[in-house]
Amino acid sequence: MFTKPITIPPIAASDLSNDMSSIRRLLLAAAISPHFCTSLLENPSSTVRKGFGGERFHLSELTLNLIGSVQASSLPEFIQQLNQSFSDHLLHQEYAQAAL
């Protein structure tokens with residue numbers, strides 16, 4: 001009798017570290033340009049997709065979605081919420097992997 005071992009495919013972990021450079025540039029642009037900052041706070045997804053000063057922010061869909069979910073009235077609040085969103089996502093991902 002032939003038996004095939006049961007294997008569980010690994011969860012594809014999204015590597016958010018690849019997005020960190022773009023996120024740093026995004027936040028720097030918001031810090032130096034009041035107009036860009038206001039736009040980022042009012043409509044994060046659209047603002048990120050448009051870029052800043054001719055530069056595009058190359059981010060994964062996951063990161064774009066996390067940024068788009070932020071609703072803040074100031075840049076410090078935006079950064080705090082973005083940090084919390086990333087932390088929540090990574091924690092959820094860690095629990096999902098541990099459950100396997």
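Going by the structure above, here's the rest.
Criteria and cut-off values
Residues numbered from 1 in each chain as written. Predicted model: local features only at pLDDT ≥ 70, side-chain atom pairs only at ≥ 80, totals over all residues. Heavy atoms only, no water. Phe/Tyr/Trp six-rings, centres within 6.5 Å; stacked < 30°, edge-to-face > 60°. Helix = DSSP H or I, 4+ residues; strand = E, 2+ residues; numbered from the N terminus. Buried < 20%, exposed > 50% of the residue type's maximum accessible area, 1.4 Å probe, protein only. Polar contact = N/O pair within 3.5 Å; in protein donor to acceptor, adjacent residues only side chain to side chain. Contact = heavy atoms within 4.5 Å. Salt bridge = Lys/Arg side-chain N within 4 Å of Asp/Glu carboxyl O. Axes fitted to C-alpha atoms, helices over the stretch in contact; angles between N-to-C directions. Parallel < 35°, antiparallel > 145°, perpendicular 65-115°, else oblique. Nonpolar A, V, L, I, M, F, W, Y, C, P; charged D, E, K, R; others polar.

### Describing the packing of aromatic side chains
Counted by the stated rule, this structure contains two aromatic pairs. Relative to Phe 57, the ring of Phe 36 lies with its centre 6.1 Å away and its plane at 45°, an arrangement referred to as tilted. On the criterion of sequence distance, the pair formed by Phe 36 in helix α2 (residues 34-42) and Phe 57 in the loop between α3 (44-50) and α4 (61-68) is long-range, its members being 21 residues apart. Of the two residues examined, Phe 36 and Phe 57, each falls in the buried class. An aromatic cluster of three or more residues is present, and its members are Phe 36, Phe 52 and Phe 57.

### What to know about the side chain of Thr 47
Within the element layout of this structure, Thr 47 appears in helix α3. One polar contact links Thr 47 to Ser 39, side chain to side chain, over a distance of 2.6 Å. Thr 47 has contacts with Phe 36, Ser 39 and Leu 40, leaving out every residue within four places of it along the chain.

### Considerations on the pattern of salt bridges
This model, assessed by the stated rule, comprises two salt bridges. In this structure, Glu 55 engages Arg 25 in a salt bridge whose closest nitrogen and oxygen atoms are separated by 2.3 Å. Taken together, the residues Glu 55 in the loop between α3 and α4 and Arg 25 in helix α1 (residues 20-32) connect sequence positions 30 residues apart. Using a relative accessible area of 32% as the deciding quantity, one classes Glu 55 as partly exposed. Note that Arg 49 and Glu 61 form a salt bridge whose closest N and O atoms lie 3.7 Å from each other.

### Some remarks on the packing of α1 against α2
Two numbers describe a pair of packed helices, the interaxial angle and the distance between the axes. The interhelical angle for the contact between α1 and α2, taken along N-to-C directions, is 120°, at an axis separation of 5 Å. Taken together, the axes of α1 and α2 are oblique relative to one another. Along its contact with α1, which presents Leu 26, Ala 29, Ala 30 and Ile 32, the element α2 presents Pro 34, Phe 36, Cys 37 and Leu 40. Tallied by class, residues from the contact of α1 with α2 come to eight nonpolar, no polar and no charged.

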